[in-house]
Amino acid sequence: MTLAIDTKVELNNGVAMPLFGLGTWNATGSLGRKAVAWALESGYRLVDTASAYGNEREVGEAVRTSGLQREEVFVTTKLRPSETGPGTALRAFEASRRRLGLDHVDLYLIHWPGDDRDSRLGAWRDLEKLLGDGRCRAIGVSNYEVSHLREILEAGLTVPAVNQVEFSPFGQRREVHDFGRSHGIRLEGYSPLTRGERLDDDTVQAVARSHGRSAAQVLLRWAVQKEVITIPKSNHRERIVENAAVFDFELSAEDMAVLDGLEGGRRRRR
Ligand code: NDP
């Protein structure tokens, strides 16, 4: 597949989702609105927010005033873990949709599995209703382990379109990735820049130097080249542009293998 900033991948219900987009955790207030506006101006077509981020109003406003058609921008938001009681998810969704000021949400995720199986499955049934009546185009989960995904499959419910989990060379979530792939659940990777914590890693730096790119660009290219949906966050215009400039170079099979070798199960240094 030739990758471009507007490359889309097909979810298991046929909906096309951009492979690359903007994360917005810690992008609140007018800065959050500006970050989304800069990203859309730079060609981003996917924006990831959540009820818990406290910025749905600003994200929605930036999308609505971008000059783009609604169908050109893919908006994801998420159900707070505390909102998973019976029927609660439906009310929480409506509150998110009102804050966003949008008719529909493209992808709605359960943000975190929580501790209780019945609450998880109850919330998932609510999300199925939202999907059924078109209030969201796709539904998925986040931070789900294989055991949580199995629960949904074993209950005979709708297979999640997406599982959003942390993903970088330092933490590749291979088990959850392989399980998802074999069941049509697309992996979406968060914290692809390791929240900035591993940008000075020697191996990443060496690959970056060999391509005349930044460490951030190498981490993002590595993720999109694996066709994992990737949502770096920045509140700085120049970084938003830099992070999107990963579609005009390619990592070799050897580069990919070297980066794959960084797997340590976690983003942070021990
Ligand atoms: P990222 O890995 O995207 O890193 C963001 C950090 O890196 C920020 O501090 C940013 O600083 C900095 N940064 C961005 N670009 C560059 C650059 N080019 N060079 C150097 N530093 C840079 O971390 P996130 O945890 O924010 O993950 C991305 C998104 O994923 C979130 O924003 C959110 O939407 C989602 N997410 C989902 C979670 C879930 O539970 N489902 C959990 C965590 C994240 P600055 O802003 O100052 O530029």
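In what follows, the structure referred to is the one given above.
J.: Pulling in residues and values, what's your account of the overall build of the protein?
T.: Scanning the protein for helices and strands turns up 10 helices and 10 strands. Computed over its C-alpha atoms, the radius of gyration of the protein comes to 18 Å, within 12% of the 18 Å expected for a compact globule of 270 residues. The principal-axis extents of the C-alpha atoms in the protein amount to approximately 55 × 40 × 35 Å. Across the 270 residues that make up the protein, the buried fraction comes to 53%. In the protein, of all internal contacts separated by at least 6 residues, the share reaching a separation of at least 24 is 74%. When the accessible surface of the protein is split by element, carbon and sulfur atoms take 45% of a total near 11700 Å². Taking the 38 positively charged and 39 negatively charged side chains of the protein as two groups, their mean positions are separated by 4 Å.

J.: A description of the packing of helix 8 (residues 215-225) against helix 10 (residues 253-260) should follow, citing residues and the corresponding values.
T.: Their axes nearest at 11 Å, the elements helix 8 and helix 10 cross at an angle of 105°. Relative to helix 10, helix 8 is oriented roughly perpendicular. The segment helix 8 lies against helix 10, with Val-218, Trp-222 and Gln-225 engaging Met-256, Leu-259 and Asp-260. For the contact of helix 8 with helix 10, the residue count by class is four nonpolar, one polar and one charged.

J.: I'd like a rundown of helix 7 (residues 202-211), residues and numbers included.
T.: Side chains of residues three or four places apart in an α-helix project in the same direction, reflecting 3.6 residues per turn. Of all the positions in helix 7, only Val-204, Val-207 and Ala-208 are classed as buried. Within helix 7, the buried residues cover an arc of 100° as seen down the axis, which keeps them to one side. With respect to the buried face of helix 7, the exposed residues turned more than 90 degrees away are Asp-202, Arg-209 and Ser-210. Capping of helix 7 at its N-terminal end is provided by Asp-201; its side-chain oxygen lies 2.9 Å from the backbone amide nitrogen of Thr-203. Looking one or two residues past helix 7, Gly-212 carries a phi angle of roughly 65°, positive in sign.

J.: Outline the pairing of strand 9 (residues 186-190), listing residues and values.
T.: For a regular strand, side-chain orientation follows a simple rule: the groups alternate between the two sheet faces. With four of five residues buried, strand 9 lies mostly within the body of the structure. Of the strand pairs in this sheet, strand 8 (residues 162-166) and strand 9 are connected by five bridges, and their pairing is parallel. Of the residues in strand 9, the one forming a bridge with Glu-166 is Tyr-190. As paired elements, strand 9 and strand 10 (residues 229-230) share two bridges and run parallel to each other. Residue pairing in the sheet places Gly-189 in a bridge with Thr-230 of strand 10.

J.: I'd love a proper account of the environment of Ser-119, names of residues and values included.
T.: For Ser-119, the position within the fold is in helix 4 (residues 117-132). The exposure class of Ser-119 is partly exposed, given its relative accessible area of 24%. As for Ser-119 and Glu-83, which are separated by 36 residues in sequence, their C-alpha atoms are 9.3 Å apart.

J.: With reference to specific residues and values, describe the sheet that holds strand 3 (residues 22-23).
T.: Judged by pairing direction, the sheet is parallel, and its eight strands sit side by side in the order 3-4-5-6-7-8-9-10 without closing on themselves. Edge strands, defined here as strands with exactly one partner in the open sheet, are strand 3 and strand 10. In the sheet, strand 5 (residues 74-79) pairs with strand 6 (residues 105-110) via four bridges, with the strands oriented parallel. Bridging across to strand 6, Thr-77 finds its partner in Tyr-108.

Rules used in this analysis
- Residues numbered from 1 in each chain as written.
- Predicted model: local features only at pLDDT ≥ 70, side-chain atom pairs only at ≥ 80, totals over all residues.
- Heavy atoms only, no water.
- Helix = DSSP H or I, 4+ residues; strand = E, 2+ residues; numbered from the N terminus.
- Rg over C-alpha atoms; globule rule 2.2 N^0.38 Å.
- Buried < 20%, exposed > 50% of the residue type's maximum accessible area, 1.4 Å probe, protein only.
- Contact = heavy atoms within 4.5 Å.
- Areas by Shrake-Rupley, 256 points an atom, 1.4 Å probe, with all protein chains shown as cover.
- Lys, Arg positive; Asp, Glu negative; His and termini not counted.
- Charge placed at Lys NZ, Arg CZ, Asp CG, Glu CD.
- Axes fitted to C-alpha atoms, helices over the stretch in contact; angles between N-to-C directions.
- Parallel < 35°, antiparallel > 145°, perpendicular 65-115°, else oblique.
- Nonpolar A, V, L, I, M, F, W, Y, C, P; charged D, E, K, R; others polar.
- Arc of directions from axis to C-beta.
- Polar contact = N/O pair within 3.5 Å; in protein donor to acceptor, adjacent residues only side chain to side chain.
- Pairing = 2+ DSSP bridges.

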